[in-house]
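# A closer look at the structure
Now for the letters of each chain:
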Amino acid sequence: MAFVVKKVIYGKEYYYLNENKRVDGKVKTKTLAYLGKTRKDAEKKAKQILEQNVGEKKKKKPPVQLIKSEISIEDMAVFCKRKGFVYQSGDIYGGLAGFWDFGYLGVELKSNLEHEWWKSHVSQREDIVGIDGSIITNPKVWEASGHVENFNDIAVVCKKCKKATKLDKSELGKVKCECGGEYENKGEFNQLFESNVGPLNSQKIYLRPETAQLMFTNFKFVYDNARMKLPFGIAQVGKAFRNEIAPRDFLFRCREFNQMEVEYFINSNEDCSYKIPEVVILIYSAEAQEKNKEPLKMKISEALKKKIIKKDWHAYWLAIEFLWFKNLGADPDKFRIRQHTKEELAHYSSDCWDLEYNFPFGWKELEGIADRGDYDLSQHEKVSKKDLKIFDEKSKSKILPFVVAEPSLGLERSFLVFLFDAFYKNKEAGNVVLRLHPKLSPIKAAIFPIVKQPKFEKIAEEIVNDLKKEFVIVYDKSGSIGRRYARNDEVGTPFCITVDGDSIKNKDVTIRDRDTTKQIRVKNSDLKEVLRKLINKEIEFERAGKLIS
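Computed from a prediction, not measured in an experiment: that's the story for all the values here. (Residues numbered from 1 in each chain as written. Predicted model: local features only at pLDDT ≥ 70, side-chain atom pairs only at ≥ 80, totals over all residues. Heavy atoms only, no water.)

### Let's talk about helix H2 (residues 73-83)
Going by this rule: Think of it in three bands: residues with accessible area under 20% of the maximum for their type are buried, residues over 50% are exposed, and the middle band is partly exposed, with areas taken using a 1.4 Å probe on protein chains only. The helix count covers DSSP runs of H or I at least four residues long, the strand count covers runs of E at least two residues long, and both are numbered beginning at the N terminus. Regarding the arc, it is the one traced by the directions from the helix axis to the C-beta atoms. By the convention used here, residues are in contact when the closest approach between their heavy atoms is within 4.5 Å.
For H2, every residue scored as buried is listed here: Ile73, Met76, Ala77, Phe79, Cys80 and Lys83. Buried positions in H2, seen along its axis, are confined to an arc of 165° and lie on one side of it. In H2, the exposed positions angled more than 90 degrees off the buried face are occupied by Glu74, Val78 and Arg82. Buried residues in H2 make contact with strand E5 (86-88), helix H12 (411-422), strand E24 (423-426), strand E25 (432-434) and helix H14 (481-490).

Here it is, written out as structure tokens:
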């Protein structure tokens with residue numbers, strides 16, 4: 001974007017029209033024209049030149065080319081720190097492995113993810129309600145659930161490179177380190193974080209390792225209070241803690257993390273009461289893994305008919321969880337569902353599937369969807385000696401419901417998925433363009449006065465004060481328009497709103513779209529409604545106003 005500058009030479013003022021352009025990743029300034037010796041003449045001549053240039057650009061401007069950029073997990077960590085998404089906790093003291101702080105952009109993205117998950121899984125459904133359980137609870141909860149006795153990992157150290165990690169029992173002696181070295185078994189370690197409650201006569205307690213258990217202990221209260229009927233679910237979003245042997249891969253494996261989870265209860269003989277969405281995804285069955293075959297792309301409903309997926313409820317929830325990511329802009333080709341093999345399957349589970357994502361470091365679990373049967377409720381009923389059975393209206397009998405599916409999603413892993421899939425670069429300018437879905441974008445719009453002058457700044461500030469009542473907005477008047485665009489592209493701001501010369505007389509503004517760089521003019525009075533529709537993708541950008549470029 002061009003701008004007027006004043007230079008004083010030997011006490012006399014001269015005005016020039018300059019322009020900043022990004023060349024090979026660096027911003028360079030070029031003088032376009034000499035405008036005269038007075039501000040009035042300079043502004044008049046600059047307007048004539050810019051109007052002429054706008055006409056030419058409308059004819060010649062090629063579409064912006066955004067190129068998908070594949071980066072490593074290490075580079076993503078650097079980007080997140082540089083831009084204000086995520087910092088290592090206690091970084092000025094060297095940090096602490098497995099613990100991370102969300103910065104001013106990261107906390108907004110995290111909040112948006114939580115909001116969209118809760119809206120999709122709770123607010124927009126009649127069969128699921130939520131709770132918010134305590135991080136610290138009676139330790140008998142974890143004794144009953146089996147965590148105190150069995151929540152163990154096997155620690156191993158590579159004999160060659162000395163790297164520590166963990167393995168499943170089924171992997172011992174079968175898996176080698178990525179360097180080719182053999183692993184030395186260091187024994188089993190419990191992942192529970194321990195602490196004490198009370199300064200006198202203290203009691204040993206545990207930080208919760210998952211959000212699930214308080215949905216079981218509160219099951220009957222929720223059933224009665226919310227007047228639920230089977231089938232129904234209980235949802236929770238919150239922190240969990242695991243004393244990981246080897247936290248690694250940035251946010252992927254942490255010691256403190258957030259879960260978004262549903263426990264879905266049914267009568268054990270109940271068929272799925274919902275239509276299974278027609279979605280296609282890579283399916284990696286237990287049989288294919290055992291026979292070293294490749295996963296197959298097919299409809300989830302087809303996999304159910306072929307009895308690859310055993311339960312209709314599982315097929316339904318696998319489709320729902322995949323669609324949640326897809327509808328928020330994640331790349332569907334980077335997802336697959338993988339069935340647990342017999343060695344992986346818990347003794348109480350008839351079937352279990354993971355929704356996996358192809359991270360830069362390989363296919364990894366994103367979300368587990370397990371059939372838990374009545375294991376948890378029966379364990380808590382047994383240890384607490386409290387009756388957790390409910391009266392089922394359909395069967396006219398008192399039953400202990402089954403958990404047919406437990407969609408359990410790591411928020412931090414979801415955070416990474418959306419960042420990786422949104423990471424693009426502008427081919428011409430070389431800057432990062434973070435193509436997040438507008439619903440997830442930390443900042444919804446940036447407001448710019450075209451130049452630093454009171455008449456433009458006043459209108460821009462009025463717009464900011466109005467929009468920030470509903471949206472997360474930034475006001476930016478520093479640097480050229482091009483530089484301001486680039487700054488916001490890098491952090492995923494979907495729309496940039498500029499107050500220019502026409503705004504004063506026409507009471508309108510320009511809105512620039514991040515992904516196409518196209519611009520429309522919208523009346524100030526319509527701005528909030530138009531922005532709301534653009535964020536929710538209820539209207540196409542080019543139809544939201546008068547297209548100008």
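### Points about unusual backbone geometry
Residues leucine 230 and proline 231 are joined by a peptide bond in cis, for which omega reads -5°. Positive phi is not limited to glycine here, since lysine 396 has a value of about 55°. Its location among the elements puts lysine 396 in the loop between strand E20 (390-392) and strand E21 (397-399). Since its relative accessible area comes to 57%, lysine 396 is described here as exposed. One non-glycine residue with positive phi stands out, namely lysine 537, at about 55°. Following the sequence through the fold, lysine 537 ends up in the loop between helix H16 (527-535) and strand E31 (546-547). The class for lysine 537 is exposed, based on a relative accessible area of 56%.

### Points about the sheet that holds E24
Definition in use: One requirement defines pairing of two strands: DSSP has to find at least two bridges between them. Lines fitted to the C-alpha atoms define the axes, with helices restricted to the stretch that makes contact. Angles between their N-to-C directions range from 0 to 180 degrees.
Across the sheet, three strands lie side by side as E4-E24-E25; this open sheet has antiparallel pairing. Unpaired on one side and paired on the other, strand E4 (66-68) and E25 mark the two borders of the sheet. Between one strand axis and the next, the sheet turns by 40° as a mean value, whatever way the strands run. When E24 meets E25, the two strands line up antiparallel, connected through three bridges. If you follow tyrosine 424 over to E25, its bridge partner there is valine 433. Of the strands in this sheet, E4, E24 and E25 are in contact with H12, which crosses E24 at around 25°.

### Describing the packing of aromatic side chains
To be explicit about the condition: Aromatic rings from Phe, Tyr and Trp, taking only the six-membered ring of Trp, are treated as a pair when their centres fall within 6.5 Å; an angle between ring planes under 30 degrees marks them as stacked, one over 60 as edge-to-face, and anything in between as tilted. Only when the NZ of Lys or the CZ of Arg is both within 6 Å of the ring centre and within 35 degrees of the ring normal is a charge said to sit over the ring.
Taken as a whole and assessed by the stated rule, the structure comprises 31 aromatic pairs. Ring geometry for phenylalanine 216 and phenylalanine 265: centres 6.2 Å apart, planes at 90°, overall edge-to-face. Note that phenylalanine 216 is positioned in helix H6 (residues 213-217) and phenylalanine 265 in strand E14 (residues 256-266), a separation of 49 residues in sequence. You'll find phenylalanine 216 and phenylalanine 265 in the same group, each marked buried. Measuring from ring centre to ring centre gives 5.2 Å for phenylalanine 359 and phenylalanine 361, while their planes differ by 10°; the resulting arrangement is stacked. Taken together through their ring pairs, the aromatic side chains of Phe252, Phe322, Trp324, Phe325, Phe335, Tyr357, Phe359, Phe361, Phe418 and Phe420 make up a single cluster. Here the guanidinium or amino end of lysine 7 rests over the ring plane of tyrosine 16, the centre of that ring lying 5.1 Å away. Positioned over the ring face of phenylalanine 102 is lysine 110, at 5.7 Å from the centre of the ring.

### Some remarks on a nonpolar patch on the surface
Cut-off, in case you're wondering: Any residue with relative accessible area above 30% and no salt bridge may belong to a patch, with like charges joined within 9 Å and the nonpolar Val, Leu, Ile, Met, Phe, Trp and Tyr side chains within 5 Å. Using the Shrake-Rupley algorithm and a 1.4 Å probe, accessible areas are obtained, with residue cover drawn only from the displayed protein chains. Salt bridges are counted wherever a side-chain nitrogen of Lys or Arg sits within 4 Å of a carboxyl oxygen of Asp or Glu.
A surface patch of nonpolar side chains, about 210 Å² in accessible area, is lined by Ile135, Ile136 and Val197. Mapped onto the elements, isoleucine 135 comes out in the loop between strand E7 (128-130) and helix H4 (140-145).

### A word on the pattern of salt bridges
Applying the stated criterion to the full structure yields 46 salt bridges. Residue lysine 163 pairs with glutamate 178 through a salt bridge whose shortest N-O separation is 3.2 Å. Of this pair, lysine 163 sits in the loop between strand E8 (152-158) and strand E9 (164-167) while glutamate 178 sits in the loop between E9 and strand E10 (183-190); the two residues are 15 residues apart in sequence, bridging distant segments of the chain. Between arginine 532 and glutamate 529 there is a salt bridge; the shortest N-O distance is 2.2 Å. Of this pair, arginine 532 and glutamate 529 both sit in helix H16, three residues apart, roughly one helical turn.

### Things to note about the packing of helix H13 (residues 454-467) against H16
For the record, the criterion: The cut-offs work like this: below 35 degrees is roughly parallel, past 145 is roughly antiparallel, 65 to 115 is roughly perpendicular, and the gaps in between are oblique. Rotating anticlockwise by less than a right angle from the far helix to the near helix defines a left-handed crossing, while the corresponding clockwise rotation defines a right-handed one. The nonpolar class holds Ala, Val, Leu, Ile, Met, Phe, Trp, Tyr, Cys and Pro. Asp, Glu, Lys and Arg form the charged class, and all remaining residues, Gly among them, are polar.
The interhelical angle for the contact between H13 and H16, taken along N-to-C directions, is 55°, at an axis separation of 11 Å. Classified by the interaxial angle, the pair formed by H13 and H16 is oblique. The way H13 lies across H16 gives a crossing that is right-handed. Taking contact as the criterion, the partners of Ile463, Asp466 and Leu467 in H13 are, on H16, Leu527, Lys528 and Leu531. Of the residues that constitute the contact of H13 with H16, the class distribution is four nonpolar, no polar and two charged.

### Overview of the side chain of aspartate 392
Our working definition: Think of it this way: Lys and Arg go in the positive column, Asp and Glu in the negative one, and His and the chain ends go nowhere. Polar contacts here mean pairs of N or O atoms no more than 3.5 Å apart (in protein, one a potential hydrogen donor and the other a potential acceptor; neighbouring residues in sequence count only if both atoms are side-chain atoms).
In this fold, aspartate 392 is placed in strand E20. For the buried aspartate 392, no salt bridge exists, and the shortest N-O distance to an oppositely charged side chain is 6.5 Å, to lysine 394. Among the polar contacts listed, one links the side chain of aspartate 392 to the side chain of serine 395, at a separation of 2.8 Å. Contacts of aspartate 392, omitting those with residues within four sequence positions, involve Leu230, Asn267, Ser397 and Ile399.

### A short note on the environment of leucine 436
Positionally, leucine 436 belongs in the loop between E25 and strand E26 (445-449). By relative accessible area, leucine 436 is classed as buried at 2%. Between the C-alpha atoms of leucine 436 and glycine 95, which are 341 residues apart in sequence, the distance is 29 Å. In this structure, leucine 436 is in contact with Phe418, Ala422, Ser441, Pro442 and Arg514, ignoring residues within four places of it in sequence.

### A few points about the sheet that holds E31
Within a sheet, adjacent strands bond to each other through the backbone by hydrogen bonds, running parallel or antiparallel. Read across the sheet, six strands follow the order E27-E26-E28-E29-E30-E31 without closing on themselves; strand pairing throughout is mixed. Each edge of the sheet is formed by a strand with only one pairing partner; in this case those strands are strand E27 (473-475) and E31. Alignment of strand E30 (residues 519-523) against E31, held across two bridges, turns out to be antiparallel. In the strand pairing of E31, arginine 521 is matched with lysine 546. Contacts from H13 reach E26, E27, strand E28 (495-499) and strand E29 (508-513) within the one sheet, and its direction differs from that of E26 by about 160°. In this fold H14 packs onto E26, E27, E28, E29 and E30, with an angle of close to 170° to the strand it touches most, E26.

Fair warning: the whole summary comes from geometry, so function is off the table for now.
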